[in-house]
Amino acid sequence: MKSIGIGILGFGTVGAGVVEGLLKNGDLIAARTGIQPVIRAIADLDLESDRGIEVDRALLTTDAAAVIRDPEIQVIVELIGGTGIARTLVLDALKAGKSVVTANKALLAEHGPELYAAAEQYQADLLFEASTGGGIPIIRALREGLSGNRIEEICGILNGTCNYILTRMENEKLPFDQVLREAQEAGYAEAEPSLDIDGFDTAHKAVVLATLAFGRSINMDDVAVQGIREVSATDIEYAAELGYRIKLLAVIKQNGHGVEIGVYPALITRQHMLASVSHAFNAVLVRGDIVGETLYYGQGAGRAATASAVIGDIVDAARNHVGETPYRIPAFVPCSPEVALRAPEDIVTRYYLRLSLKDEPGIFALVAQMLAGHNINIASVMQKEARTCGAVPVIILTHSACEGEFRAALAEIDALDQVLAPTVCYRIEDFT
Ligand code: HSE
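Treat the numbers as computed from the prediction; the structure is a model and nothing was measured.

Chemist: Looking at this structure, how should I read the overall build of the chain?
Modeler: Scanning the chain from terminus to terminus reveals 13 helices and 17 strands. Taking 2.2 N^0.38 as the reference for a compact globule, 432 residues should give roughly 22 Å; the C-alpha atoms of the chain span a radius of gyration of 24 Å, in line with that estimate. Taken along the three principal axes of its C-alpha coordinates, the chain extends 80 × 50 × 35 Å. Long-range contacts, defined as pairs at least 24 residues apart, comprise 72% of the intrachain contacts of the chain with a sequence gap of at least 6.

Laid out in structure tokens, this is it:
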């Protein structure tokens, strides 16, 4: 039986999950592939904490560089996270011709071009299934299963924390702050939740997916990012009355006019399968020009799901080594450099608006006139009686309009004295 040596850098939650998974299913992997995965070293600065698994202490080291140099190790698994030392170690491993498996979406989103170039230069595998969608094999779907397709659209719920918060806000009619606090107390949300709730974790994943899908170098500056901090229980309730749910989406689209990439809370109709994705689950819709729509669903984070993705990559790297086909599937293939990013003002979409209007005759007519002045067609309207003696909430769903026109109309509307608070607006995703 052939074997493959594995060095794990970072023995935190996911690292422990990978070790546990390899100990549990190593023989199954060997039976399937003819290659026995062998953990030869685990590097971490903390060698004392209990990870809940039995590990031979002789495997533990604080010297990550020595793990990379070890000639018995062919696959380096980077689970340190961040963009500092992790970047150096990944580059060193690629330069040494080792296969690299990483779960590090921030590293890929911020230093992807440098890492992809190093993988190509040294003809080494750079595998990152665990970076996006946790246990969902979405990277493999894009790199392999759908590789004969031109990707037209990807729409994903890619952050479990946000989806958990939005689900509880809707189901239990609770405000954002309360659900976030409870999620932190229960360990679902980080003590410092900004990366998740402000949309940047989703944006990192969007960059990874868009880069693969379009074969075009994408970076964080190309992504318009809006998180869920401002989403109110009121808007979730009104959206529900109109037949919609609010979800934090990564939206990646390509058409004849160019590419658009955004992360934002949006309304989706409750009939759509993505609307049923609740709590901490993730799902990704991919539309290819040959296959049409495909949908991928599963646990988007957590020790076991992420470990499953990492182990799948280790198996691929092992097969490539044994078959002497490293870099069989390049980390990045430029294939549509001509596709330009669309300017935000040119993006065409539908909108949900919640206006806070003074209760006087003719105000709604004024608002409708301003929308019409920018060629924005109203699809439906819902007006509530004022809940207190304050503003009257008026909810408008529009037909498709250019974002530039929409922003101009909104600026005019919000400048009216009779508009008592800034208008709340979200996009509506129709999946046409
Ligand atoms: N914090 C992320 C989430 C998982 O809540 O989905 C890691 O990307």
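Chemist: I tried to follow the domain arrangement of the chain on my own but got confused; where do I start?
Modeler: Where interface size is quoted, it is often the accessible area lost as the parts come together. Per the domain assignment, the segments making up the chain are domain 1 (2–134 + 303–322), domain 2 (141–299) and domain 3 (344–429). Listed per partner, the contact involves 16 residues of domain 1 and 16 residues of domain 2. Between domain 1 and domain 2 lies a buried interface of about 1100 Å² when both sides are counted; carbon and sulfur atoms form 64% of it. Considering only the side of domain 1, the residues that lose the most area to domain 2 are K105, A109 and T132, jointly responsible for 40% of the buried surface there. Across the pair K105 and D201 runs a salt bridge whose closest N-O atoms are separated by 3.8 Å.

Chemist: Sorry, what's going on with the sheet that holds strand β6 (residues 126–127) here?
Modeler: Pairing between sheet strands relies on hydrogen bonds along the backbone, with the strands arranged either parallel or antiparallel. Judged by pairing direction, the sheet is parallel, and its 6 strands sit side by side in the order β3-β2-β1-β4-β5-β6 without closing on themselves. Among the strands making up the open sheet, the edge pair consists of β3 (60–61) and β6. Where strand β5 (residues 99–102) and β6 come together, 2 bridges link them in parallel fashion. Paired with V101 across the two strands is L127, which belongs to β6.

Chemist: Please explain the packing of helix α1 (residues 13–33) against helix α11 (residues 303–322) as it appears in this structure.
Modeler: The relative placement of two packed helices is expressed as an angle between their axes plus a distance between the axes. Viewed as axis vectors pointing N to C, α1 and α11 meet at an angle of 45 degrees, and their least axial separation amounts to 8 Å. Judged by the angle between their axes, α1 and α11 are oblique. Two packed elements cross with a definite hand, and for α1 against α11 that hand is right-handed. Residues T13, V14, A16, G17, V18, E20, G21, L22, I29, R32 and T33 of α1 form the contact with α11, whose participating residues are R303, T306, A307, V310, I311, I314, V315 and R319. Considering only residue class, the contact of α1 with α11 consists of 10 nonpolar, 5 polar and 4 charged.

Chemist: I'm lost on helix α6 (residues 160–172) in this one. Help?
Modeler: In an α-helix, one full turn covers 3.6 residues, which means residues spaced three or four apart are oriented alike. Taking 1.5 Å per residue as the helical rise, α6 with its 13 residues ought to reach 18 Å, and the 18 Å between its terminal C-alpha atoms agrees with that figure. Among the 13 residues that make up α6, 11 are buried, leaving the element largely enclosed by the rest of the structure. Those residues of α6 that fall on the buried side of the exposure criterion are G160, T161, C162, N163, Y164, I165, L166, T167, R168, M169 and E170. On the buried face of α6, the contacting elements are β7 (151–157), α7 (176–185), α8 (194–197), α10 (233–241), β9 (244–255) and β11 (281–288). Between the side-chain oxygen of the N-cap and the backbone nitrogen of T161 there are 3.2 Å, and the N-cap of α6 in question is N159.

Chemist: Before we go on, may I ask you to explain the site of the ligand in this structure?
Modeler: Lining the immediate surroundings of the ligand are K105, N159, G160, T161, D196, D201, K205 and A301. Here an oxygen atom of the ligand and a backbone polar atom of G160 are 2.7 Å apart. Between K205 and the ligand, the recorded distance is 2.7 Å, taken from a side-chain N or O atom to an oxygen atom. In isolation the ligand offers 260 Å² of accessible surface; the protein chains occlude 80% of this area.

Chemist: Where do I start with the pairing of β5 in this structure?
Modeler: Both faces of the sheet carry side chains from a regular strand, because those side chains alternate between them. Burial along β5 is two-sided: S99 and V101 facing one way and V100 and T102 facing the other are all buried. Strand direction decides the pairing type here: strand β4 (residues 75–78) and β5, joined by 4 bridges, are parallel. In the strand pairing of β5, E78 is matched with T102. Handedness of the β-α-β unit built from β4, helix α3 (residues 85–95) and β5 comes out right-handed.

Rules used in this analysis
- Residues numbered from 1 in each chain as written.
- Predicted model: local features only at pLDDT ≥ 70, side-chain atom pairs only at ≥ 80, totals over all residues.
- Heavy atoms only, no water.
- Helix = DSSP H or I, 4+ residues; strand = E, 2+ residues; numbered from the N terminus.
- Rg over C-alpha atoms; globule rule 2.2 N^0.38 Å.
- Contact = heavy atoms within 4.5 Å.
- Domains from an automatic or database assignment.
- Buried area = accessible area lost by both parts, 1.4 Å probe.
- Salt bridge = Lys/Arg side-chain N within 4 Å of Asp/Glu carboxyl O.
- Pairing = 2+ DSSP bridges.
- Axes fitted to C-alpha atoms, helices over the stretch in contact; angles between N-to-C directions.
- Parallel < 35°, antiparallel > 145°, perpendicular 65-115°, else oblique.
- Left-handed = near helix turned anticlockwise from the far one by under 90°.
- Nonpolar A, V, L, I, M, F, W, Y, C, P; charged D, E, K, R; others polar.
- Expected span 1.5 Å × (residues − 1).
- Buried < 20%, exposed > 50% of the residue type's maximum accessible area, 1.4 Å probe, protein only.
- Polar contact = N/O pair within 3.5 Å; in protein donor to acceptor, adjacent residues only side chain to side chain.
- Near = heavy atom within 4 Å.
- Areas by Shrake-Rupley, 256 points an atom, 1.4 Å probe, with all protein chains shown as cover.
- Right-handed = clockwise from strand over helix to strand, strands pointing away.

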